Amino acid sequence: SRFDSVVISGSPSSVSDDDEWIKAVGGLATRCVQRGQRVLGVCFGAQLLAKELGGKVGRAEYWEAGAREVRFSSSDIQERYGVR
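All figures in this text were calculated on a predicted structure; none of them were measured in a lab.

Looking at this model, I keep getting lost on the overall build of the chain. Mind explaining?
Counting its regular elements, the chain contains three helices and two strands. Listed by position from the N terminus, the elements making up the chain come as β-α-β-α-α. Residues counted as buried form 23% of the 84 residues belonging to the chain. Intrachain contacts of the chain at a sequence separation of at least 6 include 65% that bridge at least 24 residues.

Right under this line is the structure:
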């Protein structure tokens with residue numbers, strides 16, 4: 001691979017949109033995870049990464065900004081993709 005990390009940043013688009021570029025970036029993110037490369041998703045990128053890795057993404061009732069605690073387990077990702 002020509003790179004060891006990927007950052008997927010924000011977008012005015014929704015991860016639920018049926019645009020080809022969203023599918024392509026989602027596929028890239030999935031392949032990177034499968035190869036054990038680091039992937040960081042910010043805003044839209046975090047939602048896309050979650051969706052691609054089997055999570056649920058939906059429309060919130062209201063906008064949210066600021067710091068929030070997030071908990072996750074890597075065991076599902078490890079089991080599904082065989083990465084550490």
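Teacher, can you tell me more about the pattern of salt bridges here?
Between side chains of opposite charge, a pair can form as their charged atoms come close. Under the criterion given, the structure shown has three salt bridges. Here Arg38 makes a salt bridge to Asp4, at a shortest N to O gap of 3.6 Å. Remark: Asp4 occurs in the segment before strand 1 (5–8) and Arg38 occurs in strand 2 (residues 38–41); sequence separation between them is 34 residues. With a shortest N-O distance of 3.4 Å, Lys23 and Glu20 are connected by a salt bridge. Taken as a pair, Lys23 and Glu20 lie in helix 1 (residues 20–34) at a separation of three residues, close to a single helical turn.

Rules used in this analysis
- Residues numbered from 1 in each chain as written.
- Predicted model: local features only at pLDDT ≥ 70, side-chain atom pairs only at ≥ 80, totals over all residues.
- Heavy atoms only, no water.
- Helix = DSSP H or I, 4+ residues; strand = E, 2+ residues; numbered from the N terminus.
- Buried < 20%, exposed > 50% of the residue type's maximum accessible area, 1.4 Å probe, protein only.
- Contact = heavy atoms within 4.5 Å.
- Salt bridge = Lys/Arg side-chain N within 4 Å of Asp/Glu carboxyl O.

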